[in-house]
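A closer look at the structure
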Amino acid sequence: MDNAVKEFIDKVSSSVYKKIFVKLILAKRVLENQEMNKIEVKYVEIKSQPNLQFIYKYDRNDVTKNFSIEEAEKQLNAMIGNNFLDINLFTTKEDVELKYNNKHIAKIYTKKPTFSQAADGSHDECKKRRLDTKNSVYLKSLGITDNKGEIIPSMSAKFKQVEKFVEIVDTLSDSFKDCKPIKIVDTGCGKGYLTFATYDYLTNVKEMEVEMQGVETQDNLVKFCNNLAQKSNFSGLSFVQSNINDFKPDNIDVLIALHACDTATDDAIYLGIKAQAKVIIVAPCCHKQIRNQMKITENNVLDPILKYGILLERQAELITDGLRALILNLNGYKTKVFEFVEYDNTSKNLIITAEKGKIPSDEEQQKIKAQISAIKNKFGIKYHYLEKLIENPVDQSWRILNAQCAKSE
């Protein structure tokens, strides 16, 4: 390892342990055609242990991974000089820059700190709750809080999940803040834990004008949720009995689908794309459609691994959701794929967020289509259900709207 690189990485680790770390940015790509644009690194605490969260920035999506400090050091050693040439560490004591010159020699520069407050790293628990638990009718009726407004211990994981989802919605709110009212649809909402929390946060904390509908197939849950919405004085929140395919909304700004089973997730994504939703948020569940198509193909280097059923199943999950992200990219959405909450709270912890952006150029579309085809061919996959929905829609009007949007951008 280069001495300057080693010294810089030591400074990163030291700043974390001294609690003066603010953030780290890896920039200036080595190769212009390198797909990864930059990496942002944040400090997080997971189960009371210090971690560094790497956010890998690509043109159309971000990938987030958490590493222990030791693992983060290895990641930095692999990336610095090989992928990025300008690395900036921000601490409350000083700003430190590692920069390569034209001869590819690294040198460290320091200057006065930009920031005076270190990253708090609160990952396990929000330092300040986004939801008012003391005066919440719906949290009590849903069995999350007791009569005193305290979180019931057995429901702490559920409340953590609810708070985390609200945090995710908050980070995406710039994409739909100008919509008045903001029209939100939560498909397959079940008992409405996240539906009520999202409406509560956006209307009572963010003070936004919201019209939100929960869509659920079970009549008893729809009646329960409508009664609870009335008891909570949530005038802009209602629930309807329907499946995703039969639901015909006038307009959608935000589409939510959490744990919709197998291709129901694709039905929800398609509904969002067709409606030109500003934001789509899905947490997939089950991946049978791709799993049933996957087979061992000739000369596939993964053959020795995929012969094990459990590993083939997990590979199917990754491929299914990876293809969903690429198909969203193809339709003008910038995507992120990351863990919803810690695995201990729920095994269904992957979430995909998509924000509407510009329609890709013809060249970009061909590149994404080639990537999709290569992945499918690698695993003997004939089609992805979401692809089929988009390629053969019953209603073609959304295609015309999409084309008009592309011309206006």
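Above this text sits the structure in question.
Figured I'd write up the structure that's included with this text. (Residues numbered from 1 in each chain as written. Predicted model: local features only at pLDDT ≥ 70, side-chain atom pairs only at ≥ 80, totals over all residues. Heavy atoms only, no water.)

**Describing the environment of Thr353**
If you trace the backbone, Thr353 turns up in strand S14 (residues 350-356). Among the residues examined, Thr353 registers a relative accessible area of 4% and is labelled buried. (Helix = DSSP H or I, 4+ residues; strand = E, 2+ residues; numbered from the N terminus. Buried < 20%, exposed > 50% of the residue type's maximum accessible area, 1.4 Å probe, protein only.)

**Overview of the packing of helix H4 (residues 156-172) against helix H5 (residues 193-205)**
Packing of H4 against H5 brings their axes to within 9 Å, and their N-to-C directions diverge by 50°. By the criterion of interaxial angle, the relationship of H4 to H5 is oblique. As H4 runs across H5, the sense of the crossing is right-handed. Seen from H4, the contacting residues are Lys158, Gln161, Val162, Phe165, Val166, Val169 and Asp170; seen from H5, they are Tyr193, Leu194, Ala197, Thr198, Tyr201 and Leu202. (Axes fitted to C-alpha atoms, helices over the stretch in contact; angles between N-to-C directions. Parallel < 35°, antiparallel > 145°, perpendicular 65-115°, else oblique. Left-handed = near helix turned anticlockwise from the far one by under 90°. Contact = heavy atoms within 4.5 Å.)

**Description of the pairing of S14**
In the sheet, strand S12 (residues 279-285) pairs with S14 via four bridges, with the strands oriented antiparallel. The residue bridging Ile280 from the neighbouring strand is Ala354, located in S14. (Pairing = 2+ DSSP bridges.)

**Description of a nonpolar patch on the surface**
Together, Ile305, Tyr308, Ile310 and Leu311 give the surface a local cluster of nonpolar side chains, amounting to about 350 Å² of exposed area. Position of Ile310 among the secondary structure elements: in helix H10 (residues 309-330). (Patch = residues over 30% accessible without salt bridge, like charges linked within 9 Å, V, L, I, M, F, W, Y side chains within 5 Å. Areas by Shrake-Rupley, 256 points an atom, 1.4 Å probe, with all protein chains shown as cover. Salt bridge = Lys/Arg side-chain N within 4 Å of Asp/Glu carboxyl O.)

**Overview of the nonpolar core**
Membership of the largest hydrophobic core comes to 45 residues, with the highest contact counts inside it found for Tyr138, Phe165, Phe176, Phe196 and Ile351. Not counting chain neighbours up to four residues away, the residues in contact with Phe165 comprise Leu194, Thr198, Ile256, Leu258, Ile281, Phe340 and Ile351. Counting 36 residues, the second-largest nonpolar core is a separate cluster that includes Ala257, Ile290, Leu306 and Ile372. (Core = buried A, V, L, I, M, F, W, Y, C linked by side-chain atoms within 4.5 Å.)

**Some thoughts on unusual backbone geometry**
Between Lys180 and Pro181 the backbone carries a cis peptide bond, its omega angle lying at -5°. Along the chain, Pro181 falls in the loop between H4 and strand S8 (182-187). You will see that Lys19, though not glycine, has its phi angle at about 65°, which is positive. Of note in the backbone geometry, His104 takes a positive phi value of approximately 60° without being a glycine. Here His104 is to be found in the loop between strand S6 (95-100) and strand S7 (106-111).

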